[in-house]
Amino acid sequence: MLEAATRAAATTVKVVPGADLGGPALIARDRGLLWHPYASLEGDAPYAVHAADGVRLTLGAADGHAFKAIDAMSSWWSMIHGYRNPVLDQALQQQAGKFSHVMFGGLTHQPAVELAERLTAMTQDGLDHVFFADSGSVSVEVALKLAIQYQLGRGRPKRTRFLALHGGYHGDTFAAMSVCDPVDGMHAAFPSLVAKHHFLPRPPAARLMGGELVADPADVAAWIGVLEETVALHREELAAIILEPVVQGAGGMFFYAPQCLAAARRVADDHGLLLIVDEIATGFGRTGRLFASEWAGVVPDIMCVGKALSGGYLTLAAMLCSAHVARTVTDSPLRALLHGPTFMGNPLACAVACASMNLLLSSDWQSGVQRIEQNLAAALAPASNLGSVLDVRVLGAIGVVELTEAVNVPAVTHAALEHGVWVRPFRNLVYTMPPYITSPADVSTIGEGITAALAQVHG
Ligand code: PMP
């Protein structure tokens, strides 16, 4: 059963075995100086990146070993077209030859206008206006603010709370944190500062069957019942429902029933709430649909996108909203949307995002993602035979192995690197979101590498 994984284990993938590419010295300078995400200053040593090309990273470890590994994470789900993509490189260089940044207050420019036109054209009909933010979290802040300003504009100043989902993740700034999972999120660390909102249980899990996401109908009906009751009970204080459509990412790599998303749309309409979908992780084809909301045929009032927007080149996100929402705020006494970052609409980021979107839409991305889905399902299937594995699931270009216990992150990361694969597990999850350009052979290597690493470390 683990034959393929064992075979991969036998082939060394170290670029230059024992070679020192300068990693140890760099890592030594980093340690104790720099914080890394969700880490202590004295956390595990990072790997040094020496090169990145196509789907591969060349990494150096603190012990001097160097690895060439497939980036099975797409740099946290953003680098969909691969590193050093010539089209994206050129877009960036061309814009740098004109101007790299100008303030967006009182000024505009071609890359921002073109990208906004592109985004409103490619998203579902009904999303007509764009606010550029400098990260996903900030786009969520802006979405929440806009929803409150909308309700103010409708004469409902008491509607300042949100309804979010257990297992949700929307970012690390304070308002975004407040709508993340109340237990696994960071609420407990900042109890007096994180605003109190309402939460629904996680929607029922769904599994991909015959191209559809299928869940137990009784569980779906029960969840919708809870949704209806909760909204009816709290409607006078609720501004909006916020959720990640169909896939909860950082909150558990969890796939849920699209009917729940459709119900959220209906119930929001029935009670005068807005529906905010956070497509930061799911947008731009990752789940097999251009936007995950399409699994439920839902058009939100507000949508946040980020990550793959710039092809993973530069930090950029956007908040889109309907004409009705924008008009209501524009006609309200405040008139303005009260946000405006220094680097809003950064021309380099917008130019590379235009190129990233053109590349995506001019490619047969849907077949590509479907191919990855099939290959991932086959490549990860052997992992389900491991004693430590609770579940293996795949949707679009997302493959997840859920363990019965917390992952030994440094050991699994290192073991996967020995098999030529870069992963960054969390909690009890090892997952992959490979770049869309990943070849079938490389997808197999990812599956084999994850399986072999888990067999080695967890059994
Ligand atoms: N929402 C979702 C669904 C995300 O996955 C993330 C990032 N993982 C964010 C928001 C926050 O985006 P950023 O890290 O760019 O602030």
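Okay, so let's go over this structure. Just so you know, these numbers come straight off a predicted model, no measurement behind them. (Residues numbered from 1 in each chain as written. Predicted model: local features only at pLDDT ≥ 70, side-chain atom pairs only at ≥ 80, totals over all residues. Heavy atoms only, no water.)

### Considering the overall build of the protein chain
Consideration 1: Across its full length, the protein chain carries 14 helices and 18 strands.
Consideration 2: Taking 23 Å as the expected radius of gyration for a compact globule of 459 residues, we find that the protein chain reaches 22 Å, a close match to that expectation.
Consideration 3: Taken along its principal axes, the extent of the C-alpha atoms in the protein chain is 65 × 60 × 45 Å.
Consideration 4: Going through the 459 residues of the protein chain one by one, you find that 54% of them count as buried.
Consideration 5: At a minimum sequence separation of 6, the contacts of the protein chain that also span at least 24 residues come to 72%.
Consideration 6: Counting every atom, the protein chain has about 18,600 Å² of accessible surface; 57% of that belongs to carbon and sulfur.
Consideration 7: The protein chain carries 30 positive and 41 negative side-chain charges, and their two centres are separated by 4 Å. (Helix = DSSP H or I, 4+ residues; strand = E, 2+ residues; numbered from the N terminus. Rg over C-alpha atoms; globule rule 2.2 N^0.38 Å. Buried < 20%, exposed > 50% of the residue type's maximum accessible area, 1.4 Å probe, protein only. Contact = heavy atoms within 4.5 Å. Areas by Shrake-Rupley, 256 points an atom, 1.4 Å probe, with all protein chains shown as cover. Lys, Arg positive; Asp, Glu negative; His and termini not counted. Charge placed at Lys NZ, Arg CZ, Asp CG, Glu CD.)

### Concerning unusual backbone geometry
Consideration 1: Residues other than glycine seldom take positive phi values, yet Ser74 does so here, at roughly 45°.
Consideration 2: For Ser74, the location among the structural elements is in helix H3 (residues 74-77).
Consideration 3: Overall, Ser74 belongs to the buried group, its relative accessible area being 0%.
Consideration 4: Residues other than glycine seldom take positive phi values, yet Met253 does so here, at roughly 50°.
Consideration 5: The topology assignment puts Met253 in the loop between strand E10 (247-248) and strand E11 (254-255).

### Here's the deal with the environment of Gly249
Consideration 1: The residue Gly249 is located in the loop between E10 and E11 in this model.
Consideration 2: Each C-alpha atom of the pair Gly249 and His170 lies 9.3 Å from the other, and the pair is 79 residues apart in sequence.
Consideration 3: Not counting chain neighbours up to four residues away, the residues in contact with Gly249 comprise Trp77, Glu244 and Phe426.

### A word on the environment of Ala195
Consideration 1: Locating Ala195 in the fold gives a position in the loop between helix H7 (174-178) and strand E6 (198-200).
Consideration 2: Separated by 148 residues in sequence, Ala195 and Phe343 place their C-alpha atoms 27 Å apart.

### A few points about the pattern of salt bridges
Consideration 1: A full pass over the atoms with the stated rule returns 11 salt bridges.
Consideration 2: Taking the shortest distance from any N to any O, the salt bridge between Glu237 and Arg161 comes out at 3.4 Å. With a gap of 76 residues between them, Glu237 in the loop between helix H8 (217-234) and strand E9 (238-243) and Arg161 in strand E5 (residues 161-165) connect regions that are remote in the sequence.
Consideration 3: A relative accessible area of 25% places Glu237 in the partly exposed class.
Consideration 4: A single salt-bridge network, built from bridges that share partners, covers Arg207, Asp391, Arg393 and Glu402. (Salt bridge = Lys/Arg side-chain N within 4 Å of Asp/Glu carboxyl O.)

### Quick notes on the site of the ligand
Consideration 1: Taken together, Trp77, Ser135, Gly136, Ser137, Tyr169, His170, Gly171, Glu244, Asp278, Ile280, Ala281 and Lys307 are the residues near the ligand.
Consideration 2: Here Ser137 contributes a side-chain N or O atom positioned 2.6 Å from an oxygen atom of the ligand.
Consideration 3: Interatomic distance of 2.6 Å between a side-chain N/O atom of Asp278 and a nitrogen atom of the ligand.
Consideration 4: Calculation on the ligand without its partners gives an accessible area of 390 Å², and the protein chains cover 81% of this total.
Consideration 5: Across the shell around the ligand, the residue classes break down as 4 nonpolar, 5 polar and 3 charged. (Near = heavy atom within 4 Å. Polar contact = N/O pair within 3.5 Å; in protein donor to acceptor, adjacent residues only side chain to side chain. Nonpolar A, V, L, I, M, F, W, Y, C, P; charged D, E, K, R; others polar.)

### A closer look at the nonpolar core
Consideration 1: Counting 141 residues, the largest nonpolar core has Leu115, Phe132, Ile241, Phe284 and Leu309 as its most contacted members.
Consideration 2: Setting aside residues no more than four positions away along its own chain, Phe132 makes contact with Ala112, Leu115, Ala116, Leu119, Leu316, Ala317, Ala318, Met344, Gly345 and Cys350. (Core = buried A, V, L, I, M, F, W, Y, C linked by side-chain atoms within 4.5 Å.)

### Topic: helix H9 (residues 258-271)
Consideration 1: The terminal C-alpha atoms of H9 lie 20 Å apart, and with 14 residues this matches the ideal 20 Å at 1.5 Å per residue to within 8%.
Consideration 2: Of the positions making up H9, those classed as buried are Pro258, Cys260, Leu261, Ala263, Ala264, Arg265, Val267, Ala268 and His271.
Consideration 3: Buried residues along H9 sit in contact with strand E8 (212-214), H8, E9 and strand E12 (274-278).
Consideration 4: Positioned one or two residues after H9, Gly272 has a phi angle of 75°, which is positive. (Expected span 1.5 Å × (residues − 1).)

### Side note on the sheet that holds strand E1 (residues 48-53)
Consideration 1: Reading across the sheet, the 4 strands line up as E1-E2-E3-E17 and stay open at both edges, with mixed pairing between neighbours. Of all strands in the sheet, those with a lone pairing partner are E1 and strand E17 (421-422), marking the two edges.
Consideration 2: Where E1 lies against strand E2 (residues 56-60), 5 bridges are found, and the strand directions are antiparallel. Each residue of the ladder has a partner; that of Val49, found in E2, is Leu59. (Pairing = 2+ DSSP bridges.)

### Comments concerning the sheet that holds strand E15 (residues 389-395)
Consideration 1: Pairing is antiparallel across the open sheet formed by 3 strands, whose spatial order is E15-E16-E18. Edge strands, defined here as strands with exactly one partner in the open sheet, are E15 and strand E18 (429-432). Between one strand axis and the next, the sheet turns by 10° as a mean value, whatever way the strands run.
Consideration 2: In this sheet, strand E16 (residues 398-403) lies alongside E15 in antiparallel orientation, the contact comprising 6 bridges. Of the residues in E16, the one forming a bridge with Arg393 is Val400.
Consideration 3: Running at roughly 165° to E15, helix H12 (residues 365-380) makes contact with E15, E16 and E18 of the sheet. (Axes fitted to C-alpha atoms, helices over the stretch in contact; angles between N-to-C directions.)

### Quick notes on H12
Consideration 1: Taking 1.5 Å as the rise per residue, H12 with 16 residues should run 22 Å; its terminal C-alpha atoms sit 22 Å apart, in good agreement.
Consideration 2: Listed as buried for H12 are Trp365, Gly368, Val369, Ile372, Glu373, Leu376, Ala379 and Leu380. Buried residues of H12, viewed axially, fall in a sector of 140°; they line one side. Along H12, the residues that are exposed and aim more than 90 degrees away from the buried face are Gln374 and Ala378.
Consideration 3: Looking at the packing, one finds that the buried side of H12 touches strand E7 (207-209), helix H11 (347-362), E15, E16, E18 and helix H14 (440-457). (Arc of directions from axis to C-beta.)

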